[in-house]
Every structure is written in structure tokens, then in C-alpha cells.
Amino acid sequence: MDTTLRDGEQTPGVSLTAEKKLWIAKALDKLGVDVIEAGSAVTSEGERAAIKGVAHEGLRAEICSYARALKGDIDYCLECDVNSVHLVVPVSDLHIEKKLRKDRETVLCMAVDTTSYAIDHGLIVELSAEDASRADADFLREFYRQGVAAGAQRLCYCDTVGVLVPERAAAQFTEIAHIAPMSVHCHDDFGLATANSVAALKAGATQVHVTVNGLGERAGNASLEELVMTLESLYGYKTRLNTTELYLVSRLVSRLTGVPVAQNKPIVGENAFTHESGIHTHGLLADTRTYEPITPEMVGRERRIVLGKHAGSASVHLALKELGLDANDEQLGDILKRIKELGDKGKRVTDADLQAIADAVLEINREARIKLQELTVVSGNVVTPTSSIKLSVDNQEVVEAGTGLGPVDAAINALRKAIGKLADITLEEYHVDAITGGTDALVEVWVKLSRDGHVITARGARADIIMASVEAVVEGVNRLLTLE
Ligand code: MN
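Residues numbered from 1 in each chain as written. Predicted model: local features only at pLDDT ≥ 70, side-chain atom pairs only at ≥ 80, totals over all residues.

A. Spatial organisation of unusual backbone geometry. Its identity as a non-glycine residue notwithstanding, Arg 101 has a phi of 50°, on the positive side. Residue position: Arg 101 is located in the loop between helix 4 (93-99) and helix 5 (104-120). In this structure Arg 101 comes out as exposed when scored by C-beta crowding, with 8 C-beta atoms within 10 Å. If you check the backbone angles, Glu 363 has positive phi at about 55° while not being a glycine. Within the element layout of this structure, Glu 363 appears in the loop between helix 14 (351-361) and strand 11 (370-378). (Helix = DSSP H or I, 4+ residues; strand = E, 2+ residues; numbered from the N terminus. Buried ≥ 20, exposed ≤ 12 C-beta atoms within 10 Å, placed from the backbone.)

Written out as C-alpha cells, the structure is:
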């Protein structure tokens, strides 16, 4: 099976710079995908520069551009030095008549002409039938036959508005898959994109179009992570993809596109391997398979136990184990009591809280490796927010400065620089809550940090939002460093 990875550029509101596109393409290549659709060459000058950048990177994957059935589009693709075109031609009467204001015969001619033109200019052509799932069956077959006769090496069936169901996907592909190597391109309007893609593959499709995090128009396309793990774990199929990189790629794409991943998204969502207290944690302790269909390690993640006032000793024990700590029954009871006290105050119990409590109860004396000594921030309407910071790092003084979009950003940037040599730490999430009502409110900042696949949450609480932010990050970094 080949995997076409579209870059999710068609996601509403998402526009990637050339630099970001290249980062994503490199990550996808490392993951092991076969085809990367790097964008649509006709879009703009910047888009062409971006696609060209990807094409010139010397990646193992085939680099592809989207194109319509117009010679001008193909010329733009040629300018970008791509290997192939995803040549998309509408085939349903609805699209042909309403969108193109043409007829079947004209569209067929355009498809054939453009295919020949692209082939003559040395491109691989994947001829795609847009809205195939609502097209006339005889016309669709004729379209594919003439496309292959014109030289198209691959064909594609698009379920453009996601109306396919698995039974129909199987029936359709049984009929068409013999014509030429066939791709399936599914949209997720009804949440069936993964199921439909699998059905098509089982019925003879040899390539599947997916996007990282299921990005794409409207509800998005079939998601890479879901499809790969469904094939690997439920169908026993080897995709040759490096599944342990899936989470990393998902995080990267989410960060670069600015599109967050839903907490409950399969495989890559925050909660996919997070467990609450109670029965589930008890079961996990006996055997993680009781409440996990696959291990988090398979996709490059870690199991997380959430603690709060509903915590039980089983969940505390497991959470401690994840931190590499062990406690006897009495200590466990003491730790649980302190966690419940925090929970009763309405607090989210962070990993840093648990570590701090465990350290206190188990009498582990950890000296913080990073201590804040001085922090200065300048902000206003005519200055670039700037911050200078003095830290003690392993008892050595480090002074750094940074600028940012606002005072908090500037302070965190200065802090990042100051600890940059010590550890490569990523700020995954940042939340602010005002605990009381006024401008003098106690502000609570909650952060999620990661380093080498380890994730930790920490909190800072001050009347000063900048201090609370720096405190939370320093606390989290210190805790991350203890996980070494
Ligand atoms: Mn599409």
C-alpha cells in the first residue's frame, strides 16, 4: 500500500509558509509515506516556491502537486519540479453542470488532453475523479478507461462530500480496481472516512489518501493516524510506516497549522491514552490491555494517569510508577490524602503537584536545578515587549534577554533561551485562569511541557500573570529534569 499525504492546506483558515511546509514534508518522509502532495502549484507564487522547496529537498517520497484539467496548471507544476500531479477532474453531473457549466464529453476531452500533456512533459499522472461517489457508474468507468489510454499511471476515486458507506465503497472498488492502480480519497463528513478507506483497500485499492490529524476541507479527510493503526492493529497489515513517529508528526502539524487536535481524537488526542481514577486504573494495573487496545508506545506516546479528588490508591500507585517512584501502603495513603485535599480545593492536580507531594512524603530531597533570581519585563504601546532574566542553573548564573508579542511571551522567550543549553523543552499548552474577579485577581497559569516524549503539567499562581507564567514553566522544567 502507498500512502498519499496531503498537507491539509485545504483546511479552512490554514495557510502554511514555505518553511513550515518543508518541516512537515521532512517529517512525513521520515515517517515513511510514499507520496507527499505538497500543495497546489497554481495557487500563488509563494505556494510554488514552497512546493519547489519540498521537491528539491531530495526526499525519498514522490512529491506531487494538485492540478485541474488545464494545461496552465500543469505548466505551474512543471515549474515546481514535482514528480507527479494529482489531476482532479469532476465526474458527477452535479459538478460538471453546476460548477463547470460543461457537459460530460467536454470534461472527458479536457481530462484526456491534460493527462497526455502532463505525460509528454515527464510527469507521473494520478487521474482523480472528483465526486466519483455521486457520478454515473458507466461514465466513471469510461473516464478511467480513457485516462489510462492517455497514459495516466494511477487513478483515484474521490468521495468528495463523504457520502460513501463501507458496503458501497467495497462494491464500487470491486468494479473499478482492476482498471489501473487505484487510490481512494475519502472525506469525513459522516465520520466514515477511515472505515470507507479500509473497505476500498480491502476491495482492491492500492493507495490511500490521508492527512495528518484528519485535516482538510470541512470535516477533513481520512486521518493518517487512524488509518495506519486500524490497518496495523485490527487488520494485521504492515504499512511500513514508522508508527512510533505518529504522535510527533501529529504534534508538529498541529503546532505549525495552528489547528488543535480534539482531546478525544483517536490515537493522537490528549485523552487517547489518559486514564481517570477508579475501575480503569485498577484494571490497567493488572494488565494495560484491559483498557488500552494498543500500547501508547506503539505510536510514540506515554500513558497518563489523571489525578483529582476522585483518585484511588490504584491510580496514585500507577501514577507514581510512571514517575519511576515506589511507595509503601502508609506512604501511599498519605500521598492520596494530600492529593484529595488539593482536589477538594477545586484544583487540577498537575504532575508537578504529584511529584512535589510524593517527594515530601517519601522524603526525597530534590534541589531544584533551575532557580529564578531576577526578572525584568518592559512593555507598553511604543516598545517591543522585552524581558531580561537571571537564573541560577546548576548553581551557575545565566543571564538572557528575549522579546515577544507581549510581556508574557517576552519573559518566556528569555527563559527559554536561558535554559536552552540545558534541555530542549517544548511548551505544548498554556492556560490562564483568574481565580477571583478583579484586576488584582490571583492568576493561575497552567502549562504542559514536553521533552523527549515525556510530558508534564505544572502550575504557577501569583497576582502577577508574568510571574505566574515564569513560575509555572520553571516548576515544570525542574520536574521534567528529574525524569532523566
Ligand atoms: Mn478532497
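B. Spotlight on the nonpolar core. Ranked by size, the top nonpolar core spans 87 residues in total, and within it Leu 28, Ile 36, Cys 77, Val 85, Leu 87 and Ala 129 carry the most contacts. Among the elements that make up this core, the one with the highest residue count is helix 8 (residues 193-202) (six residues). Setting aside anything within four residues of it in sequence, one finds Ala 129 in contact with Val 89, Val 91, Ala 135, Leu 140, Phe 143, Cys 156, Tyr 157 and Cys 158. One finds Ile 456, Val 470, Val 473 and Val 477 within the second-largest nonpolar core, a separate group that totals 29 residues. (Core = buried A, V, L, I, M, F, W, Y, C linked by C-beta atoms within 7 Å. Contact = placed C-beta atoms within 7 Å.)

C. Fine view of the sheet that holds strand 16 (residues 454-462). Read from one edge to the other, the open sheet built from three strands follows the order 14-15-16, with strand pairing classed as antiparallel. Where the open sheet ends on each side, the last strands, each with one partner, are strand 14 (426-434) and strand 16. Averaged over all adjacent pairs, the angle separating strand axes in this sheet is 15°, with direction ignored. Where strand 15 (residues 443-451) and strand 16 come together, nine bridges link them in antiparallel fashion. Each residue of the ladder has a partner; that of Trp 446, found in strand 16, is Arg 459. Contacting strand 14, strand 15 and strand 16, helix 16 (residues 465-482) runs over the sheet at an angle of about 145° to strand 16. (Pairing = 2+ DSSP bridges. Axes fitted to C-alpha atoms, helices over the stretch in contact; angles between N-to-C directions.)

D. Quick peek at the packing of helix 14 against helix 16. Close contact between helix 14 and helix 16 brings their axes to 10 Å; oriented N to C, the two are set at 65°. The chirality of how helix 14 crosses helix 16 is left-handed. Here Asp 351, Ala 352 and Gln 355 of helix 14 come into contact with helix 16, specifically with Glu 475, Gly 476, Arg 479 and Thr 482. Taken together, the residues of the contact of helix 14 with helix 16 sort by class into one nonpolar, three polar and three charged. (Left-handed = near helix turned anticlockwise from the far one by under 90°. Nonpolar A, V, L, I, M, F, W, Y, C, P; charged D, E, K, R; others polar.)

E. Quick peek at the sheet that holds strand 13 (residues 396-403). The strand order 11-12-13 describes an open sheet built from three strands, whose pairing is antiparallel. Each edge of the sheet is formed by a strand with only one pairing partner; in this case those strands are strand 11 and strand 13. Going across the sheet, the axis of each strand differs from the next one's by a mean of 15°, ignoring polarity. Two strands pair when backbone bridges link them, and strand 12 (residues 386-393) and strand 13 are joined in this way by eight bridges, in the antiparallel orientation. Pairing of Leu 391 across the sheet is with Val 398, part of strand 13. Relative to strand 13, helix 15 (residues 407-419) is tilted by about 140°, and along the sheet it contacts strand 11, strand 12 and strand 13.

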